[in-house]
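Observations on chain architecture
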Amino acid sequence: MNKRSLLRDNLRQAWIKTIEHHYNSQLISSEHALQVYFCMELLKQFEAGNLQRRVFIEPNIQTSCGKTRFPDVVICNSQKVIGIVELKYTPRGRPNTEKDLETLSLTTSESFEISNERYQGPQKNPRKIYSIADDAIMCWAVS
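First, a word on what this report is: a plain description of the structure on this page. (Residues numbered from 1 in each chain as written. Predicted model: local features only at pLDDT ≥ 70, side-chain atom pairs only at ≥ 80, totals over all residues. Heavy atoms only, no water.)

Now for helix α1 (residues 5-23). Compared with the 27 Å implied by 1.5 Å per residue over 19 residues, the 25 Å span of α1 between its first and last C-alpha is a close match. Every buried residue belonging to α1 is among L7, N10, L11, A14, T18 and H22, and all of these are buried. Buried positions in α1, seen along its axis, are confined to an arc of 95° and lie on one side of it. Buried residues in α1 make contact with α2 (31-48), β4 (73-76), β5 (80-88) and β7 (129-142). (Helix = DSSP H or I, 4+ residues; strand = E, 2+ residues; numbered from the N terminus. Expected span 1.5 Å × (residues − 1). Buried < 20%, exposed > 50% of the residue type's maximum accessible area, 1.4 Å probe, protein only. Arc of directions from axis to C-beta. Contact = heavy atoms within 4.5 Å.)

Written out as structure tokens, the structure reads:
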């Protein structure tokens, strides 16, 4: 059985729709725009599948070795980080992969937690900490 095959399919479908609908319509002109449209399509996939997922965009992650990283997208289920996505927008050149792949390798080799402690609204769900799942998916995509 493929690890996290449902999440893999959600990521694939969100990427296809992002490129077909938003990139090809010339709505994406920066990496931040790519993140927005990709996350929007990913959330649609989760909603259609009635999946309870939390998506963090560029969260601050402190690894156990003391390094700070800001992955583009982090996907969590109710207890764990199940996916990390690094996106690159380079429409007219070759992408520099070094920083993104270092971020993905650090998150698989180092222990870390992601917290939503910056939210200052109603205290319905105070500080929630997510640790990484053993079978989390690390994804890198470029447009």
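Text resumes after the structure shown.
In a soluble, globular protein the nonpolar side chains are often hidden away together inside. In this structure, L11, V74, I75 and V81 are the most contacted members of the largest nonpolar core, which totals 30 residues. Looking at this core, the elements with two or more residues in it are α1, α2, β4, β5 and β7. Ignoring anything within four residues of it in the chain, the contact list for L11 reads F38, L42, I75, V85 and I137. (Core = buried A, V, L, I, M, F, W, Y, C linked by side-chain atoms within 4.5 Å.)

Turning our eyes to something else, we now look at the environment of E86. As for its position among the elements, E86 is in strand β5. Judged by relative accessible area, E86 falls into the buried class, the value being 0%. Separated by 14 residues in the primary sequence, E86 and D72 place their C-alpha atoms 5.1 Å from one another. Polar side-chain contacts of E86 include one of 3.4 Å to the backbone nitrogen of D72. (Polar contact = N/O pair within 3.5 Å; in protein donor to acceptor, adjacent residues only side chain to side chain.)

Without other data, these values stay purely geometric and don't point to any function.
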